[in-house]
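Overview (structure and organization)
Each chain, letter by letter, is given below.
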Amino acid sequence: VFCPLGFERRAFLRFGTLPVVTTGPGADGVRRAFATRDSWPVRNPRFVVLLGLAGSLDARLAPGTDHGCAEAVAADAGSAPLRSTLIPGATVRIVEHTIVATTPDEKSRRAASTRAQLVDMESHAFASCAAAAGLRWGIVRGVSDGADETLPAELAGCVDARGETGLARVLAAIARRPSLFPALRRIGRASRLALRNAS
């Protein structure tokens, strides 16, 4: 199981028993993880799964729910969708973006341009790397924020390249903008439920 964030890895390990690789956030983190395949806890896995959080682009996919993804697409229109070889009954399409979708308007535009229901920062790179390595792959995402919710832009700055959340960074962001606290609590509750369900 590949988890981009330490928070996601710890949540999965409470419920799951499969070996976990923490990649760090974004497509580059996933590519680094595949480039260092010799360090994986299982040398020759039969399959790989990307598990973690995603934003919803579709109001029917509510915060706290979990979804297997049938297809992963890149944000640019030139890339073909990649179909999961591990979750044949899935119907959800997920789009990978380099920038977090923070507002309902951004989410709506991404949904319209890609016909995706979920958005993350790793899915297409993961699918591409797994396919290139000859591995069966699947993507399971829990929804942290709804299509009509605004995600605080400060969240991205609270996570380092290893995928670990810095408490000092979170507290500094709240000190600069105290109105963040209720939003972070709401997203935290939805994320914990989503990760439990996804795991």
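Above this text is the structure in question.
So, here's what we can say about the structure. (Residues numbered from 1 in each chain as written. Predicted model: local features only at pLDDT ≥ 70, side-chain atom pairs only at ≥ 80, totals over all residues. Heavy atoms only, no water.)

Some words on the overall build of the protein
Spelled out, the test is: Elements are defined by DSSP. Helices are runs of H or I of four residues or more, strands are runs of E of two residues or more, and each kind is numbered from the N terminus. Based on C-alpha atoms, the radius of gyration is set beside the globule rule, defined as 2.2 Å times the residue count to the power 0.38.
The helix and strand inventory of the protein stands at six helices and eight strands. Mapped in sequence order, the helices and strands of the protein form the string β-α-β-α-β-β-β-β-α-β-α-β-α-α. Relative to its length of 199 residues, the protein is compact, with a C-alpha radius of gyration of 16 Å against a globular reference of 16 Å. Along the three orthogonal principal directions, the C-alpha set of the protein runs to about 45 × 35 × 30 Å.

Considerations on the layout of surface pockets
Note the following rule: Definitions used throughout: a 1 Å grid over protein atoms alone; a cavity as a set of points that fits a 1.4 Å probe which cannot get out; a pocket as an open set with protein on both sides within 12 Å along at least five of seven lines; a lining residue as one with an atom within 4 Å of a point. Grid points are joined across faces, edges and corners, and a volume is the space filled by probe spheres set on the points. All amino acids are sorted into three groups, where Ala, Val, Leu, Ile, Met, Phe, Trp, Tyr, Cys and Pro are nonpolar, Asp, Glu, Lys and Arg are charged, and the leftover types, Gly among them, are polar.
One number sums up the size of the second largest pocket: a volume of about 230 Å³. Forming the boundary of the second largest pocket are 14 residues, of which V1, P19, V42, P45 and F47 lie nearest the centre. Of the residues in the lining of the second largest pocket, the class split is 13 nonpolar, no polar and one charged.

With respect to the packing of aromatic side chains
Spelled out, the test is: Pairing of aromatic rings covers Phe, Tyr and the six-membered ring of Trp, with a centre-to-centre limit of 6.5 Å; geometry is then stacked below 30 degrees between planes, edge-to-face above 60, and tilted otherwise. Burial classification: accessible surface area is computed with a 1.4 Å probe over protein chains only, and a residue below 20% of its type maximum counts as buried, one above 50% as exposed, and the rest as partly exposed.
What the rule picks out here adds up to six aromatic pairs. Both rings, one in F2 and one in W40, keep their centres 5.1 Å apart while their planes meet at 80°; by these two values the pair is edge-to-face. Here F2 is found in strand β1 (residues 2–3), whereas its partner W40 is found in the loop between α2 (26–35) and β3 (47–56), with 38 residues between them in sequence. For the pair F2 and W40, a shared accessibility class is recorded, and that class is buried.

So, the environment of V30
Test applied: In this description, contact between two residues means that some pair of their heavy atoms is separated by no more than 4.5 Å.
Here V30 is to be found in helix α2. The buried category is assigned to V30, whose relative accessible area is 0%. When the C-alpha atoms of V30 and S179 are compared, they prove to be 33 Å apart, with 149 residues separating the residues in sequence. Apart from the residues within four sequence positions on either side, V30 is in contact with T23, E122, A125, F126 and C129.

Description of the state of the cysteines
Cut-off, in case you're wondering: Cysteine sulfur pairs qualify as disulfides if the two atoms are within 2.5 Å.
Applying the stated criterion across every chain, the model contains zero disulfides. C69 carries a free sulfur, and the closest cysteine sulfur to it, the one in C3, is 14 Å from it. By relative accessible area, C69 is classed as buried at 0%.

So, the pairing of strand β8 (residues 136–145)
Quick reminder of the rule: If DSSP finds at least two bridges between two strands, the strands pair.
Along β8, nine of the 10 residues are buried, which leaves the element largely enclosed by surrounding structure. Judged from the three bridges that link them, strand β4 (residues 66–74) and β8 form a sheet pairing that is antiparallel. Counterpart to G68 in the pairing with β8 is V140.

Structural notes on the pairing of β3
Of all the 10 residues making up β3, nine are buried; the element is thus mostly covered by neighbouring parts of the structure. Bridge count between β3 and β8: nine bridges; the pairing is parallel. Pairing of L53 across the sheet is with G142, part of β8. The pairing of β3 with strand β7 (residues 118–120) spans two bridges and is antiparallel. Paired with S56 across the strands is L118, a residue of β7.

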